[in-house]
Amino acid sequence: MKILMILTSHDQLGDTGKKTGFWLEEFVAPYYVFKDAGAQITVASPQGGQPPLDPKSDDPSAQTDATRRFKDDPAAQTVLTSTQKLKDVSAAGFDAVFYPGGHGPLWDLAEDATSIALIEATLAAGKPVAAVCHAPGVLRHVKLADGKPLVQGKSVTGFTNTEEDAVGLTKVVPFLVEDMLKKNGGNYSKEGDWQPYVVSDGLLITGQNPASSEPAAKALLKMLG
């Protein structure tokens, strides 16, 4: 099994002067699910190299078993510091693609032509794509062969408007994940705020929030059989 994980390269939280990036738990929990299952993992980002970590996800209150394991795992840290450039990877080389969230992807990956084409190529080849928390935002401009939005008529989830409100960033983000998925015709559903919730529809797997990252990774593994 070869799994491609794609992280953001965007580190500015709108005009706030604060930093953002990817959410640590949403990368490391799936990383270890895949690694422990014997998968080969490749990590890529638009700019390559060390992707920016959302500082809040490194906060003591945000730590989990997976993040603690990562802190004691020099090999995994090396993988993270040396991500490949997204334009240098091909969908053809992988069995599945996983997008961890954090707010960063709303600015770069959601609008990134290389990422959009990679998702379209992966799904067209009959391979699954998973995205968790804010990462379903990367589906914003993804189309099917007939030009319709990928999520149209599909069951999906993603970071909720109430969760965004709870972190105080409703007015900062370029778009709200829940609103975008609904606007593009997705059959959006959710659980209570911060509860793990994963939806699979065909080859597409979406998770609602950080707590959904490990279940989403397990759902992807199950799909790969």
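This is a predicted model, so every value here is computed, not measured. (Residues numbered from 1 in each chain as written. Predicted model: local features only at pLDDT ≥ 70, side-chain atom pairs only at ≥ 80, totals over all residues. Heavy atoms only, no water.)

Visitor: Which residues make up the overall build of the protein, and what are the values?
Guide: Along its length, the protein carries 8 helices and 9 strands. Its C-alpha atoms put the protein at 45 × 40 × 30 Å along the principal axes. Classification of the 225 residues of the protein by burial places 53% in the buried group. Put simply, of all contacts in the protein between residues at least 6 apart along the chain, 76% involve residues at least 24 apart. As displayed, the protein has an accessible area near 9400 Å², and 50% of this comes from carbon and sulfur atoms. Once the 21 positive and 27 negative side-chain charges of the protein are each reduced to a mean point, those two points are 4 Å apart. (Helix = DSSP H or I, 4+ residues; strand = E, 2+ residues; numbered from the N terminus. Buried < 20%, exposed > 50% of the residue type's maximum accessible area, 1.4 Å probe, protein only. Contact = heavy atoms within 4.5 Å. Areas by Shrake-Rupley, 256 points an atom, 1.4 Å probe, with all protein chains shown as cover. Lys, Arg positive; Asp, Glu negative; His and termini not counted. Charge placed at Lys NZ, Arg CZ, Asp CG, Glu CD.)

Visitor: How would you summarise the nonpolar core if you had to cite specific residues and measurements?
Guide: Counting 35 residues, the largest nonpolar core has Leu4, Ile6, Tyr99, Leu118 and Ile119 as its most contacted members. Looking at this core, the elements with two or more residues in it are β1 (2–6), β4 (96–99), α5 (113–124), β5 (129–132) and α7 (177–183). Considering every element that reaches this core, the biggest residue donor is α5, with 4 residues. If we ignore the near neighbours within four places in the chain, the residues touching Ile119 are Tyr99, Val129, Val138, Leu139 and Val142. Core analysis: the second largest hydrophobic core is formed by 28 residues, Ala29, Leu80, Val132 and Ile205 among them. (Core = buried A, V, L, I, M, F, W, Y, C linked by side-chain atoms within 4.5 Å.)

Visitor: Tell me about the pairing of strand β9 (residues 204–207), and please be specific about residues and values.
Guide: On any regular strand, side chains alternate: one points to one face of the sheet, the next to the other face. Of the two faces of β9, the one holding Leu204 and Thr206 and the one holding Ile205 and Gly207 are both buried throughout. Across 4 bridges, β5 lies against β9 in parallel orientation. Note on β9: the bridge partner recorded for Ala131 is Thr206. Where strand β8 (residues 198–201) and β9 come together, 4 bridges link them in antiparallel fashion. Paired with Asp201 across the bridge in β9 is Leu204. The hairpin turn running from β8 into β9, its antiparallel successor, is 2 residues long, and Gly202 in that turn takes a positive phi close to 60 degrees. (Pairing = 2+ DSSP bridges.)

Visitor: Outline helix α1 (residues 24–36), listing residues and values.
Guide: Between its first and last C-alpha atoms α1 spans 18 Å; for 13 residues at 1.5 Å apiece the expected length is 18 Å, and the two agree. Where burial is concerned, most of α1 is hidden: 11 out of the 13 residues are buried. Directly beyond the C-terminal end of α1, a positive phi value near 85 degrees is found at Gly38. (Expected span 1.5 Å × (residues − 1).)

Visitor: Please give an account of unusual backbone geometry that cites residues and values.
Guide: Residues apart from glycine generally show negative phi values, whereas peptide bonds are mostly found in trans. One non-glycine residue with positive phi stands out, namely Cys133, at about 70 degrees. Even without being glycine, Trp194 reaches a positive phi, approximately 70 degrees.

Visitor: Break down the environment of Lys35 for me, citing the residues and quoting the values.
Guide: Checked against the element boundaries, Lys35 lands in helix α1. Each C-alpha atom, one on Lys35 and one on Thr170, is 35 Å from the other, the two residues being 135 residues apart in sequence.

Visitor: Can you lay out the side chain of Asn184 for me, pointing to particular residues and giving the numbers?
Guide: Note on placement: Asn184 falls in the loop between α7 and β7 (187–188). Taking the relative accessible area as the measure of exposure, Asn184 reaches 16% and is therefore buried. From its side chain, Asn184 meets the backbone oxygen of Arg140 in a polar contact 2.9 Å long. (Polar contact = N/O pair within 3.5 Å; in protein donor to acceptor, adjacent residues only side chain to side chain.)

Visitor: Please provide a residue-by-residue account of the pattern of salt bridges, values included.
Guide: By the definition in use, this model includes 10 salt bridges. Of the charged contacts in the structure, one is a salt bridge between Lys71 and Asp58, with a shortest N-O distance of 2.6 Å. Taken together, the positions of Lys71 in helix α2 (residues 65–71) and Asp58 in the loop between β2 (40–45) and α2 put the pair 13 residues apart, joining distant regions of the chain. Given the relative accessible area of 43%, Lys71 is considered partly exposed. (Salt bridge = Lys/Arg side-chain N within 4 Å of Asp/Glu carboxyl O.)

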